[in-house]
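Close look at the chain arrangement
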Amino acid sequence: MPQSVPSLPRRVARILRTSLFAQVAVALVLGIVVGRLWPDTAATFQPLGDGFIRLIKTVISPLVFCVVVVGIAKAGNLKAFGRIGLKALIWFEVASTAALLIGLIAANVFAPGSGMNVDPSKLDASAVDDKTAGGALPTTTEFILNALPQSAIGAFAENSLLQVLVLACLVGAALLHLGHTKVPAILPAIEQAQEIIFAIVGFVMKLAPLAVFGAMVHLVGEYGLGVMKTYGKLIVLCYAVAAVFLVLLGIALKLVTGLNLWKFVRYTREEMLLALGTASSESVLPRMMQKLRQAGARDDAVGLVLPTGYSFNLDGASIYLSIGTLFVAQAVGVELSLSQQLTVILVLMLTSKGMAGIPGSAFLALSATASALGSIPAGAVALLLGVDRIMDSMRVATNLLGNCVAVFAVSKWEGALDTVRAKKMLDGEIAFVEEDDAEEGAPESAKGASESASGASTGAPGSSEDTSKAAAGT
């Protein structure tokens, strides 16, 4: 007797029950519908998204600390860790500068603000102050000092990733210096804490559909769809430039590592959709770290490059800032010379770093650029208030993919990438398994991610050095 095929409703129900991607996609559509039909409910549902992001932020700092400390301790080479950090900063600077240049060229060619003829004196400049909460971007000196923790507890309490990274590097270095014989219980305890954190992440992720639903109801209900007509040209240009940049990023990834960016997007589709729905790349940081580790990137590379990129490698924000600056200038009838546009690049290269976590940071960067040029009225930045939230999806997706590509590229550059495993993972030959489930009878093919990463860091057989040679021979 041939087995009966489940009915369509049963298949749909099973997919909705087992697939996070399907759950989030449905929540996204429902959120748009509810926000459009009942815009007055926007404030009611907003706490769903905000609460989810709060829960995720709770575990980000301890997770980054554990991953970095374990990565350094298992690698057994602090110099290698320093090389990874230096190579990451080089990659970040090249990528973000390229994003700024591409955005500036596109804004010159398509001129999204031309013909608007806006009188800046009629704009409400105080609205920008409300958006930025009266804050200011830190100077270079302040940024460096702010990266150094004043207290161990404060770094975690304030959720400052750079401070947590510095603290983790110090602890990892101390473990290497003392050796496992003097502090034999510390590293296993940190590894166990890491497993607990990943289990918590698994619990919280079950709330992701509710978070996306609440965030989308708030977005559509609060801002409406009318903004698409007013700023249509600017929105289309920003998203198109981001798409072009991601294509170039995919080419760079293919040339450097041999990996396919589209396959990586498919591999991380749940995380990408969740980041887009909640307009927050932080909401998927823990899961992205899991997926990158299981895709062959070594623990120390993932632990250092990905969190650091959240402060140093904001490719989507760079595109938005460069296009936004020229849009504002064109809208108020100011024509910027070549030297002024070069000034825009130089100012944004500085102000685009360290923007993460600062309220209204994009407007602070735009205001700083307008002040540096001297020809754009500071109040003109208020033109972008109505469209800023619509740009979040572009910024989040581009920032997130840019940082993940950086992890693969820097890992390959440092010899910390198991290319053979990465290709199998992205091709679907090896299934991703939640790390809290991997120890409970999961298939061996799925459990091997952390083991291969650990083996790579300790130089054991099957390490990244050996697999790199194998990859070279295939």
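This text gives an overview of the structure that appears in the document.

Quick word on the overall build of the protein
Tallying secondary structure elements over the protein gives 23 helices and 0 strands in all. Here the contacts in the protein between residues at least 6 apart in sequence split such that 84% fall between residues at least 24 apart. For the protein, the exposed area adds up to about 21,000 Å²; of that, 64% sits on carbon and sulfur atoms.

With respect to the pattern of salt bridges
Side-chain pairs of opposite charge can arise whenever the charged atoms involved come near each other. Throughout the structure, instances matching the rule amount to 10 salt bridges. The salt bridge involving Glu271 is made with Arg287; its shortest N-O contact spans 2.7 Å. With a gap of 16 residues between them, Glu271 in helix α14 (residues 269-278) and Arg287 in helix α15 (residues 285-294) connect regions that are remote in the sequence. By the burial criterion, Glu271 is buried, and Arg287 matches it. The salt bridge involving Arg395 is made with Asp392; its shortest N-O contact spans 2.3 Å. In this pair, Arg395 and Asp392 both sit in helix α20 (residues 392-414), 3 residues apart, roughly one turn of the helix. For the residue pair Arg395 and Asp392, the accessibility class agrees, reading buried in each case.

Some thoughts on α14
Of all 10 residues that make up α14, 8 are buried, and the element is covered over most of its length. Listing the buried residues of α14 in full gives Glu270, Glu271, Met272, Leu273, Leu274, Ala275, Gly277 and Thr278. The first or second residue beyond α14 is Ala279, which carries a positive phi of 55°.

Section: the packing of helix α12 (residues 232-257) against α20
At a minimum axis distance of 10 Å, the contact between α12 and α20 shows a crossing angle of 10°. Considered as vectors, α12 and α20 are oriented roughly parallel to each other. Within the contact between the two elements, α12 uses Cys238, Tyr239, Ala242, Phe245, Leu246, Leu249, Leu253, Val256 and Thr257 and α20 uses Ser393, Met394, Thr398, Leu401, Gly402, Val405, Phe408, Ala409 and Lys412. Looking at the contact of α12 with α20 residue by residue, the class counts come to 13 nonpolar, 4 polar and 1 charged.

A short note on α15
Burial within α15 is extensive, with 10 of its 10 residues counted as buried. Here α15 has its buried residues at Leu285, Pro286, Arg287, Met288, Met289, Gln290, Lys291, Leu292, Arg293 and Gln294.

Observations regarding the environment of Ser322
Mapped onto the elements of the fold, Ser322 is located in helix α17 (residues 315-331). The exposure class assigned to Ser322 is buried, which follows from its relative accessible area of 0%. Separated by 22 residues in the primary sequence, Ser322 and Val344 place their C-alpha atoms 7.4 Å from one another. Ser322 has contacts with Ala99, Leu100, Gly103, Leu104 and Leu348, leaving out every residue within four places of it along the chain. Within the local environment of Ser322, its side chain forms a polar contact with the backbone oxygen of Leu100, the two atoms lying 3.4 Å apart.

Thresholds applied
Counting restarts for each chain: residues are numbered from 1 in the order of the written sequence. Confidence filtering applies because this is a predicted model: local features only for residues at pLDDT of at least 70, side-chain atom pairs given and counted only at 80 or more, and all residues used for totals across whole chains, interfaces and linings. In computing side-chain properties, one takes all heavy atoms of the structure into account and sets aside hydrogens as well as water. Helix and strand assignments come from DSSP, with helices taken as H or I runs of at least 4 residues and strands as E runs of at least 2, each series counted from the N terminus. Residue contacts follow a heavy-atom distance rule, with two residues in contact if any of their heavy atoms lie within 4.5 Å. Note on areas: these come from Shrake-Rupley sampling with a 1.4 Å probe, and a residue is covered only by the protein chains present in the view. The rule for a salt bridge is simple: a side-chain nitrogen of Lys or Arg has to be within 4 Å of a carboxyl oxygen of Asp or Glu. We call a residue buried when its accessible area falls under 20% of the maximum for its residue type, exposed when it is over 50%, and partly exposed in between, using a 1.4 Å probe and counting protein chains only. Here an angle of 0 to 180 degrees is reported between the N-to-C directions of two axes, which are lines fitted to C-alpha atoms, with helices fitted over the stretch in contact. By definition in this entry, angles of less than 35 degrees are roughly parallel, angles greater than 145 are roughly antiparallel, angles of 65 to 115 are roughly perpendicular, and the rest are oblique. Each residue gets one label: Ala, Val, Leu, Ile, Met, Phe, Trp, Tyr, Cys and Pro are nonpolar, Asp, Glu, Lys and Arg are charged, and the others, such as Gly, are polar. In protein, a polar contact requires one atom able to donate a hydrogen and another able to accept it; more generally it is a pair of N or O atoms within 3.5 Å, and residues adjacent in sequence count only if both atoms are side-chain atoms.

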